[in-house]
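Here are the chains, one letter per residue:
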Amino acid sequence: MEVKHILKLLESEKAEKFLIEMYGKAGVIKNRARYVHVAEEFAKKFGEKQVSLFSSAGRTEISGNHTDHNQGKVLAGSIDLDCVAVAAANGTDEIHIISETYDQEFTIQIHDLAPSAKKAGTVDLTKGMLKGFLEMGKKIGGFDAYITSNVISAAGVSSSAAYEMLICSMINTFFNDGELDVVSYAHIGKYAENHYWDKASGLLDQMACAVGGMITIDFKDPKKPVVERIDYDFGAQDHSLIIVQTGKGHADLSEEYSSIPKEMGKVAAVFQKTVLAELSEEEVLANVSRVIKEAGDRAFLRALHFFEENRRVEAEVAALRENRFEDFLKLVTESGNSSWKWLQNCYVGGETEQGITAALALTELFVRKKGCGACRVHGGGFAGVIMAILPNAVVDEYITYIEKAVGEGSAYRMSIRPYGAVCVDRYIE
């Protein structure tokens, strides 16, 4: 359809319903304006063409902190922060992308998909996704795209995976008749990060961005993870997710991050296994002294976190399916406490700079005073970001409270949305 037709559709009742589902009533005006903006900018940059409108969500990890690398279980969700784009097939062998948010403009020749020597950046990532489609035996072609994003960088909400799933949606729509499912999208994103960024990524981020709503993933078979969508209306509970960037960071946390799977692997190795998913908690508890002697105290505690966190994911899924929201919040709090005490990824040992734990302590005091809500570390940990789940009635008060401590503009309110990576046309035509 032409840009002028998209602009007309965005004013329709059908579009209004879609925007409410995606962003809530309070977000309709702002996000409709974003869609209009990318459509108009596309027309300015690329001229009048037959275009499509796309959206791909950021994600939040709700439970299952540091379990996926040992083939455990997670609970995650697509959020209402997203990448939005207008794009059109151009009938050439060139891909032209303008990323407004990151002030990038680049061209890719589809017959030259070799990564750069540095294997980094958006161009390499995009080439990796194109190559991923070819590796699956699928088609690619030239297209033009104008993209904007409000998915926060460096906040554990997967801005890169949101971009990956957006591009996958375009290529699937334009050149593959929409035949790929979102699980295939996730594998393509993983392929791109593994081979074009040399990043040992799994499928968690891509799955959570692509599928939509709340999902649980069992990584027991990492090549074929079991993904289940949780049919639950989070918005109906009148709660919001708040991500808080604590403003504290360290230049290099790779050693801290890698210590977690390394130490969990040490516990598994005590039993001649590779990952903790090959063991049971009972086996470890029956051999505590041996585990501590061979793997160490912290490794033992981190293994306990893994087993208990898997149990919590199962319990949280059951609570949501049975509409026991207060039980779900209690389990989220348990998950956060386990990350803090047993997994020990809320601060770097020996450091006096502890932004995450300070923000968590303040949030716990707020939750206790109000008698509602939950909080936990968000993402990899050690520095950076926490998550709170609070009733909408107290969210504004909390944001004022926490930003007074950690800095203005550090808290972001968001909600779970029902759609992940989508071609918007089908929902508003």
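Higher on the page you've got the structure.
Model, not experiment: these values are computed from the prediction.

Caption draft 1: How the structure looks around the packing of aromatic side chains. Using the criterion set out here, one finds 15 aromatic pairs in the structure. Ring centres 5.9 Å apart and planes at 20° place the aromatic pair F18 and Y419 in the stacked group. Of this pair, F18 sits in helix α2 (residues 13–23) while Y419 sits in the loop between β11 (411–414) and β12 (422–423); the two residues are 401 residues apart in sequence, bridging distant segments of the chain. Accessibility expressed as a relative area gives 18% for Y419, which makes it buried. Ring centres 5.3 Å apart and planes at 35° place the aromatic pair F366 and Y401 in the tilted group.

Caption draft 2: Quick look at the side chain of Q206. Note on placement: Q206 falls in helix α7 (residues 204–211). Relative accessible area serves as the criterion here: at 1%, Q206 is assigned to the buried category. When sequence neighbours within four positions are dropped, the list of residues in contact with Q206 reads A161, E164, M165, A186, G189, K190 and E193.

Caption draft 3: Inspection of the pairing of strand β1 (residues 52–63) at higher detail. Of all twelve residues in β1, twelve are buried; the element is thus mostly enclosed. As judged from the ten bridges shared by β1 and strand β2 (residues 73–89), these two strands associate in the antiparallel manner. When the sheet's bridge partners are listed, S55 is paired in β2 with V84. Sheet analysis places β1 next to β12, joined by two bridges and oriented antiparallel. If you follow S55 over to β12, its bridge partner there is V422.

Caption draft 4: Structural view of the sheet that holds strand β8 (residues 239–245). The strand order across the open sheet built from four strands is β9-β10-β8-β11, with neighbouring strands paired in antiparallel fashion. Every interior strand has two partners, whereas the edge strands, β9 (374–377) and β11, have only one. When the angles between neighbouring strand axes are averaged without regard to direction, this sheet yields 20°. Pairing analysis gives seven bridges linking β8 to strand β10 (residues 385–391), with the strands arranged antiparallel.

Caption draft 5: How the structure looks around the packing of helix α13 (residues 355–370) against helix α14 (residues 392–406). Where α13 contacts α14, the two axes come as close as 11 Å, and the packing angle between them is 150°. Regarding α13 and α14, the two cross each other, and that crossing is right-handed. Seen from α13, the contacting residues are A359, L362, T363, L365, F366 and K370; seen from α14, they are V394, E397, Y398, Y401, I402 and A405.

Caption draft 6: Inspection of helix α5 (residues 159–175) at higher detail. In this model, α5 (17 residues) spans 25 Å end to end at C-alpha, consistent with the 24 Å of a helix rising 1.5 Å per residue. Counting buried residues in α5 gives 14 out of 17 residues, a clear majority hidden from the surface.

Caption draft 7: Representation of the environment of R417. Its place among the elements puts R417 in the loop between β11 and β12. R417 sits 396 residues away from E21 along the chain, and the two C-alpha atoms are 6.8 Å apart. Residue contacts for R417: discarding those within four places in its chain leaves E21, M22, Y23, S55, S56, A57, S78, I79, D80, D82, G212 and G213. Within the structure, R417 has its side chain in polar contact with the backbone oxygen of Y419 (distance 2.5 Å). Separated by 2.6 Å, the side chain of R417 and the backbone oxygen of G420 make a polar contact.

Caption draft 8: Just the packing of helix α6 (residues 182–196) against α7, in detail. Interhelical geometry of α6 versus α7 gives an angle of 145° and a closest axis separation of 8 Å. Every pair of crossing elements has a handedness; the one defined by α6 and α7 is right-handed. Here α6 contributes V182, V183, A186, G189, K190 and E193 to the contact with α7, which in turn contributes Q206, M207, A210 and V211. Tallied by class, the residues present in the contact of α6 with α7 amount to six nonpolar, two polar and two charged.

Caption draft 9: Structural view of the environment of R321. Its location among the elements puts R321 in helix α11 (residues 297–321). R321 sits in the partly exposed class, given a relative accessible area of 47%. Once the C-alpha coordinates of R321 and E294 are considered, the two residues, 27 residues apart in sequence, prove to be 41 Å apart. Not counting chain neighbours up to four residues away, the residues in contact with R321 comprise E228, R229 and I230. Within the structure, the side chain of R321 is placed 3.1 Å from the side chain of E228, a separation counted as a polar contact.

Caption draft 10: Representation of the pattern of salt bridges within the structure. Here the structure, examined in full by the defined rule, presents 26 salt bridges. Taking the shortest distance from any N to any O, the salt bridge between K73 and E314 comes out at 2.2 Å. In this pair, K73 sits in strand β2 while E314 sits in helix α11, placing the two residues 241 residues apart along the sequence. Among the ionic pairs, D198 bridges to K119, the shortest N-O distance being 3.2 Å. With D198 in the loop between α6 and α7 and K119 in the loop between β4 (104–109) and α4 (121–135), this pair connects stretches of sequence that are 79 residues apart.

Caption draft 11: Summary view of the state of the cysteines. Applying the stated criterion to the full structure yields zero disulfides. Distance from the sulfur of C83, which forms no disulfide, to the nearest cysteine sulfur (C209) is 8.3 Å. No disulfide involves C423; its sulfur sits 14 Å from that of C168, the nearest cysteine. With a relative accessible area of 14%, C423 lands in the buried category.

Thresholds, definitions, all that
- Think of each chain on its own: its residues are numbered from 1, step by step along the sequence as written.
- Local features in this predicted model are restricted to residues of pLDDT 70 or higher, and side-chain atom pairs are both shown and tallied only at a pLDDT of 80 or more, whereas totals for entire chains, interfaces and linings draw on every residue.
- Only hydrogens and water are set aside when side-chain values are computed; all heavy atoms of the structure are taken into account.
- The criterion for an aromatic pair is that two Phe, Tyr or Trp rings (for Trp, the six-membered ring) have centres within 6.5 Å, with stacked assigned to planes under 30 degrees apart, edge-to-face to planes over 60 apart and tilted to the rest.
- What counts as a helix is a DSSP run of H or I of at least four residues, what counts as a strand is a run of E of at least two, and both are numbered from the N terminus.
- We call a residue buried when its accessible area falls under 20% of the maximum for its residue type, exposed when it is over 50%, and partly exposed in between, using a 1.4 Å probe and counting protein chains only.
- Whether two residues touch is decided by their heavy atoms; if any such pair falls within 4.5 Å, the residues are in contact.
- Pairing between strands is defined by DSSP: at least two bridges between the two strands are required.
- The axes used here are C-alpha line fits, helices contributing only the stretch in contact, and every angle between their N-to-C directions lies in the interval 0 to 180 degrees.
- By convention, the crossing between two helices is left-handed when the near helix turns anticlockwise from the far helix through less than a right angle, and right-handed when the turn is clockwise.
- One less than the number of residues in a helix, times 1.5 Å, gives the span that helix is expected to have.
- Definition of a polar contact: a pair of N or O atoms within 3.5 Å, with one able to donate and the other able to accept a hydrogen when the atoms are protein atoms, and with sequence-neighbouring residues admitted only if both atoms are side-chain atoms.
- Following the grouping adopted for this structure description, the nonpolar residues are Ala, Val, Leu, Ile, Met, Phe, Trp, Tyr, Cys and Pro, the charged ones are Asp, Glu, Lys and Arg, and the polar ones are all others, Gly among them.
- Salt bridge, as used here, is a side-chain nitrogen of Lys or Arg placed within 4 Å of a carboxyl oxygen of Asp or Glu.
- Only a pair of cysteine sulfur atoms within 2.5 Å counts as a disulfide in this structure description.

Fair warning: the whole summary comes from geometry, so function is off the table for now.
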